Each structure stands twice: as C-alpha cells, then as structure tokens.
Amino acid sequence: MAVSKSKAKDNLRALAPQKRTALVKRLLAWYDRHRRRLPWRALPGEAPDPYRVWLSEIMLQQTTVATVGPYFHNFLKRWPTMEALAAAPVEEVMSAWAGLGYYSRARNLHACAKLVADRYGGNLPGNESELLELPGVGPYTAAAIAAIAFDKRAAPVDGNIERVLARLLAIKTPLPTAKPELRAVAEALAPAQRAGDFAQAMMDLGATVCTPKSPACGSCPWADDCDARALGIQPALPAREAKPDRPLKRGVAFVIVSAEEEVLLRRRPPTGLLGGMHEPPMSAWTDRFPAEPLALAPVKAKYRRLPGFVRHGFTHFELELEVYRTEGVTRAKAAGAGEWAPIDNLDAFALPSVMRKVINHALGDRDAGPLFGDTRKIKRSREVAKRRR
C-alpha cells in the first residue's frame with residue numbers, strides 16, 4: 001500500500017490547482033451539453049430525489065443501466081417512497097428483484113428502507129459517515145448519494161471513473177491495486193460546487209466516450225490533457241491483474257409439475273448465496289454430480305433426465321446442473337416438500353436467473369419462447385411441449 005500512496009502523491013503533483021480547475025470547468029461544460037437522460041436523474045434545474053438516487057445506485061451495483069431501467073420503473077411504481085418500500089413484505093421485494101442478480105442487494109435494500117424509515121423519518125441522511133452505517137451502502141454508494149442527491153463534495157469512483165482517471169494520468173498500476181491511487185485523484189478533482197454534476201459527468205464520460213475498447217478521443221473534453229492518449233496507450237488502460245480460473249460446481253435440479261399445471265418450489269435459506277429466493281428442489285452444489293441423483297428427489301415419482309445441462313456463472317464459480325422432470329404429481333404426494341407455483345404466474349415468485357433457466361430448460365420450448373413474462377407464450381409453450389412428449 002505504501003507504493004500506491006507514493007504514486008498517488010506523484011499523480012496529485014501532476015494536477016496543479018490551475019489544471020484541476022480547468023479540467024472541472026471543461027468537463028462540466030461538456031456535461032451540460034451531453035448529459036444522459038436517465039429515469040433516476042434530475043433534469044437541469046430540478047432538485048434530485050434522494051430516494052431515486054439511492055434506489056438507482058443500489059440497483060446499478062455491478063449491473064448495467066439498460067438492465068436496471070425496467071426494474072427501477074417497476075420498483076418506483078410499486079413503492080414510490082422510502083416509507084412504502086419499508087412497509088412492503090420482504091418476500092415481495094425479493095420477487096420484484098428476481099432476475100437482477102446479486103440478491104443480497106435486495107435484502108439490504110429492504111433493511112435499509114426500514115432503518116431509514118424508523119431512524120430518519122423516511123429521509124436519507126446527507127453525509128457519507130451516516131450513509132455508511134446503512135445496510136448495503138459501501139464507500140462508493142455513500143459518496144455517490146452524498147454527491148448526487150445532496151451536492152456534497154464527495155468522490156464516488158465506479159468502473160467508468162476508474163477508466164477515465166487511469167487514462168487521464170496514464171496510471172499503469174493494475175486494478176485492483178490501483179484503486180487507492182485512483183480514489184486519491186478523484187478526491188482531488190471533486191469540486192466544492194456542482195459536485196453531483198461532476199460525479200455524473202465522469203460517469204457519462206466513461207460510459208459514452210472513454211469506453212473500454214474504442215474510446216472516442218476526438219469527442220473528449222479532456223483529450224488534450226490525457227496522458228494515455230499522448231502516449232498512445234489509452235485502449236490498454238486501466239490494466240488489470242490476471243483473474244484466477246473460477247472452479248466448476250455441479251448439481252441436479254428437479255422440476256416437479258402438478259396435474260394443475262403448477263411447479264413445486266422451495267425457499268433457499270435466508271442467508272448466503274441467493275438467500276431467501278425460490279428454487280426448484282435441487283441437490284447441494286459440489287465438485288461432481290451426485291452418484292445417485294434420484295435418491296435426492298423430494299417426491300417419489302417417475303423422472304426423466306433431460307438432455308443437456310443448465311449452465312450459469314456466479315462471481316466466484318461456474319455452475320452446471322442436470323435437470324430431471326416429472327409431471328402429474330398430486331398435492332398430497334408432495335405435501336411438505338415446498339409450495340406450488342402456477343406456471344402462468346411464475347413471475348410473481350422470487351426466482352433468480354439460474355432457477356429461471358432450470359424451469360425454462362424443463363418446460364420451455366424454443367419455438368414458443370421462454371416461460372417468463374408472457375402468458376400467451378407460456379400456454380403455447382406448454383401445448384407444444386405436451387404434443388412433442
């Protein structure tokens with residue numbers, strides 16, 4: 001870490017006060033002309049809504065703007081205020097989050113809403129130290145909320161901002177080691193006035209101009225100041241340390257369908273990976289498939305092993321699942337094994353992406369499309385699958 005601090009000092013010496021002022025001025029002028037219109041972002045002249053800012057920042061953690069958009073609109077429609085979200089059952093919040101990934105965010109989102117409603121009367125605190133005490137709020141999110149929602153002088157540093165600053169000063173230290181250097185530069189640049197606009201301007205610059213593979217340097221307000229561009233190395237920055245290979249885990253899943261066109265689901269444990277979410281019954285995930293998979297089925301029935309596998313990538317490992325299916329199971333036979341979810345209403349259940357893949361693999365049809373989101377496709381898919389069986 002001492003090396004990083006030393007390099008950070010060198011970087012800051014390269015940013016003389018006059019240069020910092022000029023960089024801020026040029027970037028804000030660019031932002032005033034080219035700012036993105038985003039559903040959670042206040043229009044020019046409008047006061048930001050802290051609830052919207054907080055909700056969007058939690059959703060945007062490791063998730064793209066395009067993916068977050070529909071979820072943000074849905075959450076805002078169902079729970080337009082912090083108090084409304086706090087009063088909602090956590091199961092409903094988890095269901096609404098299903099498909100967005102990183103499900104601990106949803107649990108923390110609900111816990112945070114309850115805490116803010118109880119401690120602060122539904123109003124987010126405006127300083128970083130208090131924000132950092134909230135569930136699911138780390139240093140980046142606290143800085144982003146403080147700057148964007150309350151215009152406090154704070155320096156959020158996301159992936160886009162890391163890329164912009166690494167190129168601006170040609171910081172060759174690979175990530176994640178370079179993070180302290182980049183944060184020091186961001187803190188030095190953050191202005192006392194229009195701090196929120198400046199933070200969002202750097203995010204927009206990284207998202208639309210200073211992109212990972214083909215930066216549009218001709219459109220960049222900092223092009224003449226960019227050390228990486230002067231050296232011709234901007235596409236190579238930021239450098240990254242090699243990631244270790246992710247291990248492969250395996251398991252089996254059982255898709256059990258009732259005579260009433262329902263799928264048997266169960267809840268995962270409340271904590272841990274995908275905590276509190278729904279899933280079809282399945283085995284533990286280990287380094288090999290179970291030797292006798294049918295002995296693990298929660299309901300005795302005649303199962304068919306489906307061809308192929310369901311594959312899904314998590315942050316730290318890859319998963320490969322065998323899928324077994326059975327149909328016509330009675331409620332009495334499956335008593336105590338889980339809860340029944342109507343096939344035409346699966347979107348109402350908190351099914352993460354990997355579990356949706358499992359159900360689609362077992363019951364979907366390539367011609368009719370996936371089972372989720374369109375009741376007509378669901379019914380057509382089931383009719384086609386029945387005829388083929």
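About the cut-offs
- Every residue gets a number counted from 1 within its own chain, in the order that chain's sequence is written.
- Side-chain atom pairs in this predicted model are given and counted only at pLDDT of 80 or more, local residue features only at pLDDT of at least 70, and totals for whole chains, interfaces and linings cover all residues.
- Hydrogens and water molecules were not included; the side-chain quantities draw on all heavy atoms of the structure.
- Secondary structure is summarised from DSSP: a helix means a run of H or I of at least four residues, a strand means a run of E of at least two, and numbering begins at the N terminus for each.
- What a helix should span is 1.5 Å times the count of its residues minus one.
- Relative accessibility under 20% of the residue-type maximum defines a buried residue, over 50% an exposed one, and the middle range a partly exposed one, all with a 1.4 Å probe and only protein chains included.
- Summarising the geometry, the arc corresponds to the directions from the helix axis toward the C-beta atoms.
- Residues are treated as being in contact if the distance between any of their heavy atoms lies within 4.5 Å.
- Residues are said to line a cavity or pocket when one of their atoms sits within 4 Å of a point; the points come from a 1 Å grid over protein atoms alone, cavities being sets where a 1.4 Å probe fits but cannot get out and pockets being open sets with protein on both sides within 12 Å along at least five of seven lines.
- Grid points are joined across faces, edges and corners, and a volume is the space filled by probe spheres set on the points.
- Think of it as three bins: nonpolar holds Ala, Val, Leu, Ile, Met, Phe, Trp, Tyr, Cys and Pro, charged holds Asp, Glu, Lys and Arg, and polar takes everything else, Gly as well.
- Any two rings among Phe, Tyr and Trp, with Trp reduced to its six-membered ring, count as a pair given centres within 6.5 Å; such a pair is stacked if its planes are under 30 degrees apart, edge-to-face if over 60, and tilted if neither.
- Lysine and arginine charges are scored as sitting over a ring when NZ or CZ, respectively, is within 6 Å of the ring centre and within 35 degrees of the ring normal.
- Among buried residues, the Ala, Val, Leu, Ile, Met, Phe, Trp, Tyr and Cys ones that are joined through side-chain atoms within 4.5 Å form a nonpolar core.
- Salt bridge, as used here: a side-chain nitrogen of Lys or Arg that lies within 4 Å of a carboxyl oxygen of Asp or Glu.
- Think of a polar contact as two N or O atoms within 3.5 Å of one another; within protein, one of them needs to be a possible hydrogen donor and the other a possible acceptor, and neighboring residues in sequence only count if both atoms come from side chains.

### Topic: helix α2 (residues 17–34)
Step number 1: For α2, with 18 residues, the first-to-last C-alpha span of 26 Å sits near the 26 Å given by 1.5 Å per residue.
Step number 2: Where α2 is concerned, the buried positions are Leu23, Val24, Leu27, Leu28, Trp30 and Tyr31. Within α2, the buried residues cover an arc of 160° as seen down the axis, which keeps them to one side. More than 90 degrees from the buried face of α2, the exposed residues found are Gln18, Thr21, Lys25 and Arg33.
Step number 3: Buried residues along α2 sit in contact with α10 (159–168), α11 (179–189) and α12 (195–208).

### Looking at empty space enclosed by the protein
Step number 1: Taken as a whole and judged by the stated rule, the model has 2 cavities of 30 Å³ or more.
Step number 2: Estimates place the volume of the largest cavity at around 130 Å³.
Step number 3: As for the largest cavity, its lining consists of 14 residues, and the residues nearest its centre are Arg167, Cys210, Cys217, Cys220 and Cys226.
Step number 4: No other element matches α10, which puts 3 residues into the lining of the largest cavity.
Step number 5: Class assignment of the residues belonging to the lining of the largest cavity gives a composition of 12 nonpolar, 1 polar and 1 charged.
Step number 6: In this structure, the second largest cavity encloses a volume near 40 Å³.
Step number 7: If you tally residues by element for the lining of the second largest cavity, the top one is α12, at 4 residues.
Step number 8: Here the residues of the lining of the second largest cavity are counted per class, giving 9 nonpolar, no polar and no charged.

### Focus: the packing of aromatic side chains
Step number 1: Applying the stated criterion across every chain, the model contains 10 aromatic pairs.
Step number 2: Judged by centre distance (5.9 Å) and plane angle (35°), the ring pair of Tyr51 and Trp54 falls under tilted. Of this pair, Tyr51 and Trp54 both sit in helix α3 (residues 50–59), 3 residues apart, roughly one helical turn.
Step number 3: With a relative accessible area of 0%, Trp54 lands in the buried category.
Step number 4: Taken together, the aromatic side chains of Phe75, Trp79 and Trp97 make up a single cluster linked through ring pairs.
Step number 5: The residue whose ring lies beneath Lys249 is Phe317, and the NZ or CZ to ring-centre distance is 4.6 Å.

### Here's the deal with the layout of surface pockets
Step number 1: When its volume is computed, the largest pocket comes out at roughly 780 Å³.
Step number 2: Counting residues per element, the ones that place at least two in the lining of the largest pocket are α7 (104–120), α9 (139–150), α10 and α11.
Step number 3: Of all the elements, α7 adds the most residues to the lining of the largest pocket, at 4 residues.
Step number 4: Here the lining of the largest pocket is composed, by residue class, of 10 nonpolar, 6 polar and 9 charged.

### A short note on the nonpolar core
One broad rule of soluble globular proteins: the nonpolar side chains tend to lie buried together.
Step number 1: Membership of the largest hydrophobic core comes to 106 residues, with the highest contact counts inside it found for Trp54, Phe75, Leu165 and Trp222.
Step number 2: In terms of residues, this core owes the most to one element, α9, which gives 9 residues.
Step number 3: By size, the runner-up hydrophobic cluster in this structure holds 12 residues, among which are Phe254, Val299, Tyr324 and Ala337.

### Points about the pattern of salt bridges
Step number 1: All chains considered together, the criterion is met by 20 salt bridges.
Step number 2: For Arg41, the salt bridge goes to Asp204, with nearest N and O atoms at 2.7 Å. Placement of Arg41 in the loop between α2 and α3 and of Asp204 in helix α12 is noted, with a sequence separation of 163 residues between them. There is no split in this pair, since Arg41 and Asp204 are both buried.
Step number 3: The partner of Glu133 in a salt bridge is Arg119, and the shortest N-O contact between them spans 3.6 Å. Separated by 14 residues along the polypeptide, Glu133 in the loop between α8 (128–131) and α9 and Arg119 in helix α7 bring together distant segments of the chain.
Step number 4: Judged by its relative accessible area of 52%, Glu133 is exposed.
Step number 5: Sharing partners across several salt bridges, the network here consists of Asp32, Arg194 and Asp197.

### Points about α9
Step number 1: The end-to-end C-alpha separation of α9 is 16 Å, in line with the 16 Å expected for 12 residues at 1.5 Å each.
Step number 2: Among the 12 residues of α9, 10 are classified as buried, and the element is accordingly described as predominantly covered.
Step number 3: Considered for burial, the residues of α9 that qualify are Tyr140, Thr141, Ala142, Ala143, Ala144, Ile145, Ala146, Ala147, Ile148 and Ala149.
Step number 4: In this structure, the buried side of α9 is in contact with α3, α8, α11 and α12.
Step number 5: Asp151 sits one or two positions beyond α9 and adopts a positive phi of about 55°.

### Re the side chain of Arg268
Step number 1: Mapped onto the elements, Arg268 comes out in the loop between β2 (262–267) and β3 (278–279).
Step number 2: Here Glu279 takes part through its side chain, which lies 2.8 Å from a polar atom of the side chain of Arg268.
Step number 3: Residue contacts for Arg268: discarding those within four places in its chain leaves Leu273, Leu274, Gly276, Met277, Glu279, Trp285 and Met355.

Fair warning: the whole summary comes from geometry, so function is off the table for now.
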